[in-house]
Amino acid sequence: DAEEEGPEYDEHVWTSPVNAQHICRALAESLCQVDPEGESVYRTNCDAYCEKLQALDEAIRQVVDSAARHTVIFADRFPVRYFVEEYGLDYYAAFPGCAEDTEPAAGTVAFLIDKVREEQIPAVFYIEFSNEKMADIICEDTGCEKLLFHSCHSVSADDLKAGVGYLDLMQNNATTLGEALR
């Protein structure tokens, strides 16, 4: 009950590519104020990156618009509220936001399993660096698939070495979202 617990906050505003564009423009503007000599470079780079973010946003909208369903299950923490709100998705999650709890309540587990079965959800999400335990339990009990959804707040050492960035991770999210919404 939101009234008893208070509002749910999610600091992961960048999970919405629309918000990421606002963030980039604000950063570019600040850089221009601090370093006026570099203004043209900052604005050019910002415009080019925002074009890529816009294309990403359009790709995600296309996935959602052509989807058979609009409900996602996060069998994990839930740092993507801005993403699901941006794209009009319904969601259920084992934990609110980035809760500090390590184990979900038994009732939560049962609820998510029932929801997967009732709505014939083909996949549940877990987030990067998760122990995946909750997703494994739900998948084992329902036969659904387990998919990674990046919150884009960190990358593995291997991904960092390979130059994987926000756009790559979010494109992966768009692909897995399509699988989960089929």
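Let us look at the structure shown here. Since the model is a prediction, treat every value here as computed from it, not as a measurement.

1. Quick word on the overall build of the protein chain
Now for step 1: The helix and strand inventory of the protein chain stands at eight helices and four strands.
Now for step 2: Tracing the protein chain from N to C terminus, the helices and strands come up as α-α-α-β-α-β-α-β-α-β-α-α.
Now for step 3: C-alpha extents for the protein chain along the principal axes are approximately 60 × 35 × 35 Å.
Now for step 4: Split into buried and exposed, the 182 residues of the protein chain put 40% on the buried side.

2. Brief notes about the pairing of strand β2 (residues 90-93)
Now for step 1: Two strands pair when backbone bridges link them, and strand β1 (residues 71-74) and β2 are joined in this way by four bridges, in the parallel orientation. By the bridge assignment for β2, Phe74 is matched with Ala93.
Now for step 2: For the handedness criterion, the β-α-β arrangement of β1, helix α4 (residues 81-86) and β2 is classed as right-handed.

3. Regarding the side chain of Arg69
Now for step 1: Here Arg69 is to be found in the loop between α3 (39-65) and β1.
Now for step 2: No salt bridge is formed by the buried Arg69; the nearest opposite charge belongs to Glu119, separated by 5.5 Å.
Now for step 3: If sequence neighbours within four positions are ignored, Arg69 has contacts with Glu119, Gln120, Ile121, Pro122, Ala180, Leu181 and Arg182.

4. Remarks on α3
Now for step 1: The terminal C-alpha atoms of α3 lie 38 Å apart, and with 27 residues this matches the ideal 39 Å at 1.5 Å per residue to within 8%.
Now for step 2: Summarising the contacts, the buried residues of α3 are in contact with α2 (17-34), α4 and α8 (166-180).

5. Structural notes on the nonpolar core
Now for step 1: In this structure, Ile60, Phe74, Phe83, Leu89, Phe125 and Leu177 are the most contacted members of the largest nonpolar core, which totals 28 residues.
Now for step 2: Where this core is concerned, the elements lending two or more residues are α3, β1, α4, β3 (123-127), β4 (145-149) and α8.
Now for step 3: At six residues, the largest contribution of residues to this core is made by α8.
Now for step 4: Not counting the four nearest positions on each side in its chain, Leu177 is found in contact with Ile60, Val63, Val64, Val72, Phe83, Leu89 and Phe125.
Now for step 5: In this structure, Ile113, Val124, Ile138 and Cys139 belong to the second largest nonpolar core, which totals 16 residues.

6. Overview of the packing of aromatic side chains
Now for step 1: Overall, the coordinates contain eight aromatic pairs when judged by the stated rule.
Now for step 2: Arranged with centres 5.1 Å apart and planes meeting at 80°, the rings of Phe74 and Phe78 form a pair that is edge-to-face. Considered together, Phe74 and Phe78 belong to a single accessibility category, that of buried residues.
Now for step 3: Ring geometry for Phe83 and Tyr87: centres 4.9 Å apart, planes at 55°, overall tilted.
Now for step 4: Exposure remark for Tyr87: the relative accessible area of 6% places this residue in the buried category.
Now for step 5: Through a chain of ring-to-ring contacts, three or more aromatic side chains come together here, namely Phe74, Phe78, Phe83, Tyr87, Tyr91, Phe125 and Phe149.
Now for step 6: Above the face of the Tyr126 ring, Lys146 is positioned so that its terminal group lies 5.5 Å from the ring centre.

7. Digging into the side chain of Lys115
Now for step 1: Structurally, Lys115 can be placed in helix α5 (residues 106-118).
Now for step 2: Contacts of Lys115, omitting those with residues within four sequence positions, involve Ile73, Tyr92, Gln120 and Ile121.

Conventions used here
Residues numbered from 1 in each chain as written. Predicted model: local features only at pLDDT ≥ 70, side-chain atom pairs only at ≥ 80, totals over all residues. Heavy atoms only, no water. Helix = DSSP H or I, 4+ residues; strand = E, 2+ residues; numbered from the N terminus. Buried < 20%, exposed > 50% of the residue type's maximum accessible area, 1.4 Å probe, protein only. Pairing = 2+ DSSP bridges. Right-handed = clockwise from strand over helix to strand, strands pointing away. Lys, Arg positive; Asp, Glu negative; His and termini not counted. Salt bridge = Lys/Arg side-chain N within 4 Å of Asp/Glu carboxyl O. Contact = heavy atoms within 4.5 Å. Expected span 1.5 Å × (residues − 1). Core = buried A, V, L, I, M, F, W, Y, C linked by side-chain atoms within 4.5 Å. Phe/Tyr/Trp six-rings, centres within 6.5 Å; stacked < 30°, edge-to-face > 60°. Lys NZ or Arg CZ within 6 Å of the ring centre and 35° of its normal.

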